[in-house]
Amino acid sequence: MTKPWHTFFFLAGIFIMLALLMVFFPGGVDIQGFKLRVPALTDLFDTLSVSHDSSLIQLADLGRKVNKEQEENEMESSSPSLPDTSLRKKNADSLASDTLHLQKELFNVQHVPLCPIEYPEGREDLLYPFFRLLASGAADTSLIRILHYGDSQIERDRVTSYLRNMFQTKFGGGGPGLLPAVQPYGKLLSVFHEASGEWKRYTSFGKVDYSLGHRRYGPMAALYRLTCPGDEDSICEATITIRKNKFSYAALRRFTRCQLLLGNCADTLTVSCYADGLLMGREKHPAPFLHRVRFTFPEFTEEITLHLTAREGTEVYGFTLDAGHGIAVDNIAMRGSAGMEFTHIDPVHLKMCYELLKPKLLILEFGGNIAPTQASNYTFYGKRLYREISFLKSLL
């Protein structure tokens, strides 16, 4: 009979043998022509040449240096002691050269499974406005929102959760950001998300249900419509519940604010917010086109429940859970999409949603779903994506 301590010593012996191999035979050992590859022990504890905050976020530190030097240059250029424009141009050129050099140093990362951002030649400063916003300290007093759109690769908060944690650890903030009324792709990795009531999902991508009758899909390119048995005048009740996951990132569990985006309800609807069972607020308001409901609650709250009483057909375009300041990164997964469906969304409605959410950066992570077309070249896809990006930029 095998006893637990037998298993323990067996596994301990294996680990000790592997550790000795890593110490005395770093890189591997040859056994009668067979190469047994063994990593060096130092590889397991090798520190990265950049911090855990990732290269992209560290550029914001660079932006702080850029801002300071630019302010000094502006002060000097406005001073009568520096009338020489050629000197100011030389200072600007020097600044640009220095920042690009520092950027390259930041991206010289060893042993990191990350790829640096690829910029058009000569346009390495494209994201500097966003980095300067971070470096300005704006996140200390206000919320900076990032929308991360992508295909099934980012479902269940994959990729986004890591990126969000890097930003929130560096610049503050908390919460999972923008969420749908119902999770369409299984359980989230970040929070426990449950919904009751009858909901029907409509999307601008994938298999589109044109019975919806309009294109007001909202910022998540998808909406959930309340349905209930009976006639069109029936009153529906539904709840959305979020519980914190103690195994998620610590910053993600810090949120104190909720805003719910609703529409398609000409009659008065009632939305109540409960924090750990205690009523935090209740709002009654018609929402014929787009309406936002907002609530606040203590940070130590473990469970948030939104209770809706509304006419059948009321639509929920999403709700946010954020801190009062810092960074919010929203995960918006569009299964099967290649990122070519944004122009299918009502631009007026989407612009209004963006005005309420105030995103400062949009990330589009698409491409995998276009590869099966087996085209000789993908110029057509580049042109179509350019059209989609131009559409989104026109709304911001």
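Our structure's up above, just so we're on the same page.
Residues numbered from 1 in each chain as written. Predicted model: local features only at pLDDT ≥ 70, side-chain atom pairs only at ≥ 80, totals over all residues. Heavy atoms only, no water.

A.B. asks: I tried to follow the overall build of the protein chain on my own but got confused; where do I start?
C.D. replies: Helix and strand content of the protein chain: eight helices and 16 strands. Taken over 396 residues, the protein chain has a buried fraction of 43%. Looking at the protein chain alone, contacts between residues at least 24 apart form 77% of all its contacts between residues at least 6 apart. Accessible surface, the protein chain as shown: approximately 21,800 Å² in total, 57% of it carbon and sulfur. (Helix = DSSP H or I, 4+ residues; strand = E, 2+ residues; numbered from the N terminus. Buried < 20%, exposed > 50% of the residue type's maximum accessible area, 1.4 Å probe, protein only. Contact = heavy atoms within 4.5 Å. Areas by Shrake-Rupley, 256 points an atom, 1.4 Å probe, with all protein chains shown as cover.)

A.B. asks: It is not clear to me how the state of the cysteines should be interpreted in this structure. Could you clarify?
C.D. replies: Among covalent bonds in proteins, the disulfide is the one between the sulfur atoms of two cysteines. Within this structure, the stated rule accounts for one disulfide. In this model Cys228 forms its disulfide with Cys236; the gap between the sulfur atoms is 2.2 Å. Here the S-S torsion is close to -65°, and the disulfide linking Cys228 with Cys236 is therefore left-handed. Its relative accessible area of 15% is what places Cys228 among the buried residues. (Disulfide = S-S within 2.5 Å.)

A.B. asks: Explanation requested: the sheet that holds strand S3 (residues 143-150) in the structure shown.
C.D. replies: Within a sheet, adjacent strands bond to each other through the backbone by hydrogen bonds, running parallel or antiparallel. In spatial order, the strands read S15-S3-S16; together these three strands make up an open sheet with parallel pairing. The strands lining the two open edges of the sheet, one partner per strand, are strand S15 (326-333) and strand S16 (359-365). Each strand axis lies, on average, 20° off the axis of its neighbour in the sheet, ignoring direction. The pairing of S3 with S16 spans six bridges and is parallel. The residue bridging Tyr149 from the neighbouring strand is Leu364, located in S16. Those strands touched by helix H5 (residues 128-135) are S3, S15 and S16, and its axis lies near 140° from that of S3. (Pairing = 2+ DSSP bridges. Axes fitted to C-alpha atoms, helices over the stretch in contact; angles between N-to-C directions.)

A.B. asks: So what exactly am I meant to see when it comes to a positive patch on the surface here?
C.D. replies: Together, Arg257, Arg294, Lys358 and Lys360 make up a region of like positive charge exposed at the surface. By the secondary structure assignment, Arg294 is in strand S12 (residues 291-296). (Patch = residues over 30% accessible without salt bridge, like charges linked within 9 Å, V, L, I, M, F, W, Y side chains within 5 Å. Salt bridge = Lys/Arg side-chain N within 4 Å of Asp/Glu carboxyl O. Lys, Arg positive; Asp, Glu negative; His and termini not counted. Charge placed at Lys NZ, Arg CZ, Asp CG, Glu CD.)

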